[in-house]
Amino acid sequence: MAEKARGTFFPMMLLCTICMETVDELGKMFIFLLDALRLMFAGWGQFSKMVRQIYFIGVQSVSVIALIGLFSGMVMGMQLYFALSTFGADGFLGTAVAMSMVRELAPVLSAIMLTGRAGSAMTAEIGVMRISEQIDALTIMDINPMRYLVAPKMAACLLSFPILTAFFNLISLWGSWLTGVKLLGANEGAYWASVQSSLNWADVEGGFIKSIIFGVLVCTICCFEGYYTHTRSGHAGPEGVSQSTTSAVVKSCVAILAADYILTSLLW
Amino acid sequence: MLKLRKETAVGLFVLVGLLAIIYMSIKLGNVQLFTDKYYPVRANFTDIAGLKVNAPVQMYGVSIGFVSDISLDQELNVARVDMMIEKEVKLMDDAIVSVKTSGLIGDKYLKIDPGGLGDPVNPGDTLFDSQPAIDLEDLISKFAFGKV
């Protein structure tokens, strides 16, 4: 009897537990986010830490963002030129590149690149501090670890993501000009005119809103995974940190792409 | 090798970044910071066939302004189009406004023939001479059913 009841209800129980754990973690993450946002403005001492984080997240990512932007722009210019010139519509090259870059590709690709470059480093840094009990030491010294570690990273992400997205946009438009106009011979005037006329303020604004939201998502998920790395069941110590870093990157990428779909349907 | 201080690098990053954002908003986002370059003119049409706000207004093929608002006037049974025209461009009140299409499947735009004999148009005036968009399907059906 007991055996049978367990057999019937076990999957139900498992589902319940998984659901409850997910809801629990989401709630914890949201409180974590609010805490970080609130503590961004906790005194002038935050400023120098923010500068250090902007240097790491923003300045040191410029070269990789420029490179990715250049190549994705170049490949877009080439592919769309071939696709459009089949219909004799290569005058629309600028429109196609500008629309897809500014609205979609620039925010998403730069957020994913930044997850790989800065997000994983954030998780690893905070995770190592957690397992070597440095975070506990901070708490004992009456230094709020959220204020000291997470809030400056959040501020840096909020600032760096839109700026890097703007760089990505400009460089990718230049890259597709290189291949589409200089290499394949589309009309230069038509290219720049259609880039300019096809975009309006809603497109540019939407791209920046996306990048800011991606910044918040990436920073929250990556810091959260590192901060609670010691609560991972089954993996303690260095193995736990490596697991946290992996899951932070995976979750961030999934969150970016899912949020991108939702934001696109909301914004336009 | 020259090594930038962290603070200088961050300052440079933020400064150049903000410039890039401003450049993008103004050049690509077409934000009008100084709208007093334009004056408003209005025209009524019986059919605008999908003309959009921000569509260009052209004279002899040169862009001289844009469509700022489109609304429905149910008393006169017309579509009311508000345009912003550059201040240097003078219009007479016998100007002819027409809805045109760039290419066969291109976007709609407004074409103004400036006129010459009338009085100058003041800001906010209505241009009375307007031509509706040519409806391609209408033309084809007229041709097909022999009403040409």
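Residues numbered from 1 in each chain as written. Chains lettered and ligands numbered in written order. Predicted model: local features only at pLDDT ≥ 70, side-chain atom pairs only at ≥ 80, totals over all residues.

A. Geometry of the overall build of chain B. Looking only at helices and strands, chain B features two helices and eight strands. Reading the helices (α) and strands (β) of chain B from amino to carboxyl end gives α-β-β-β-β-β-β-β-β-α. Relative to the compact-globule value of 15 Å for 148 residues, chain B shows a C-alpha radius of gyration of 22 Å, a clear excess of over 25%. Taken along its principal axes, the extent of the C-alpha atoms in chain B is 80 × 40 × 30 Å. The burial tally for chain B puts 22% of its 148 residues in the buried class. Considering only contacts within chain B whose residues lie at least 6 apart along the sequence, 63% involve residues at least 24 apart. (Helix = DSSP H or I, 4+ residues; strand = E, 2+ residues; numbered from the N terminus. Rg over C-alpha atoms; globule rule 2.2 N^0.38 Å. Buried ≥ 20, exposed ≤ 12 C-beta atoms within 10 Å, placed from the backbone. Contact = placed C-beta atoms within 7 Å.)

B. Quick peek at the overall build of chain A. Counting its regular elements, chain A contains nine helices and zero strands. Ordered by position from N to C terminus, the α and β elements of chain A give α-α-α-α-α-α-α-α-α. With the C-alpha coordinates aligned to their principal axes, the bounding extent of chain A is approximately 70 × 60 × 30 Å. For chain A, long-range pairs separated by at least 24 residues make up 87% of all intrachain contacts whose partners lie at least 6 apart in sequence.

C. Fine view of the interface of chain B and chain A. Contacts between the two partners involve 17 residues from chain B, matched on the other side by 20 residues from chain A. Across the side of chain B that touches chain A, the residue classes break down as nine nonpolar, five polar and three charged. (Nonpolar A, V, L, I, M, F, W, Y, C, P; charged D, E, K, R; others polar.)

D. Representation of the sheet that holds strand 1 (residues 38-45) of chain B in the model. Residue and element names in this part refer to chain B. Here eight strands make up an open sheet; going across it, the order is 7-1-4-3-2-6-5-8 and the pairing mixed. Strand pairing shows two members of the sheet lacking a second neighbour, strand 7 (126-127) and strand 8 (129-131), which therefore form its edges. Alignment of strand 2 (residues 56-59) against strand 3 (residues 62-73), held across four bridges, turns out to be antiparallel. Note that in strand 3 the partner of Met-59 across the bridge is Val-62. (Pairing = 2+ DSSP bridges.)

E. View of helix 3 (residues 62-85) of chain A. Residues and elements named next belong to chain A. An ideal rise of 1.5 Å per residue puts 34 Å on 24 residues; helix 3 measures up with 33 Å between its terminal C-alpha atoms. Of the positions making up helix 3, those classed as buried are Ile-65, Ile-68, Gly-69, Ser-72, Gly-73, Met-76, Gly-77, Leu-80 and Tyr-81. Tucked inside the fold, the buried residues of helix 3 contact helix 4 (93-131) and helix 6 (145-183). (Expected span 1.5 Å × (residues − 1).)

F. Representation of the environment of Asp93(B) within the structure. Examined against the element boundaries, Asp93(B) turns out to sit in the loop between strand 4 (78-86) and strand 5 (96-101). Not counting residues up to four positions away in its chain, the partners in contact with Asp93(B) are Gly118(B), Asp119(B), Val121(B), Asp125(B) and Leu127(B).

G. Structural context of the nonpolar core. Ranked by internal contacts, the top residues of the largest apolar core, which has 68 residues, are Val97(A), Phe167(A), Val218(A) and Cys223(A). Per-element accounting of this core gives the leading share, 19 residues, to helix 6 of chain A. With residues near it in sequence (within four places) discarded, Phe167(A) still touches Val62(A), Ile65(A), Ala66(A), Gly69(A) and Ala20(B). Phe45(B), Leu51(B), Met83(B) and Val99(B) belong to the second-largest nonpolar core, a separate cluster that totals 22 residues. (Core = buried A, V, L, I, M, F, W, Y, C linked by C-beta atoms within 7 Å.)

H. The arrangement of the confidence of the model for chain B in detail. In the predicted model, chain B carries a mean pLDDT of 83, and the fraction of residues at 70 or more is 92%. Among the prediction metrics, the complex's ipTM stands at 0.79, with pTM recorded as 0.81. (pLDDT = per-residue confidence, 0-100.)

I. Spotlight on the pairing of strand 5 of chain B. Residues and elements named next belong to chain B. In terms of strand pairing, strand 5 meets strand 6 (residues 108-113) through six bridges, oriented antiparallel. Bridge pairing in strand 6 places Val-99 opposite Leu-110. Bridge count for strand 5 against strand 8 is three bridges, and the pairing is parallel. Residue Ser-98 lies in a different strand from strand 8, and its bridge partner there is Gln-131.

J. Quick peek at the domain arrangement of chain B. According to the domain assignment, chain B contains domain 1 (1-31) and domain 2 (35-141). Inter-centroid distance (C-alpha atoms) of domain 1 of chain B to domain 2 of chain B is 40 Å. (Domains from an automatic or database assignment.)

K. Representation of the packing of helix 4 of chain A against helix 6 of chain A within the structure. Residue and element names in this part refer to chain A. Contact geometry of helix 4 with helix 6 gives a least axis separation of 8 Å together with a crossing angle of 145 degrees. Every pair of crossing elements has a handedness; the one defined by helix 4 and helix 6 is right-handed. When its residues are assigned to classes, the contact of helix 4 with helix 6 shows 17 nonpolar, six polar and one charged. (Axes fitted to C-alpha atoms, helices over the stretch in contact; angles between N-to-C directions. Left-handed = near helix turned anticlockwise from the far one by under 90°.)

L. Expanded view of the pairing of strand 6 of chain B. Judged from the two bridges that link them, strand 2 of chain B and strand 6 of chain B form a sheet pairing that is parallel. Along strand 6 of chain B, the bridge assignment pairs Val57(B) with Leu110(B).

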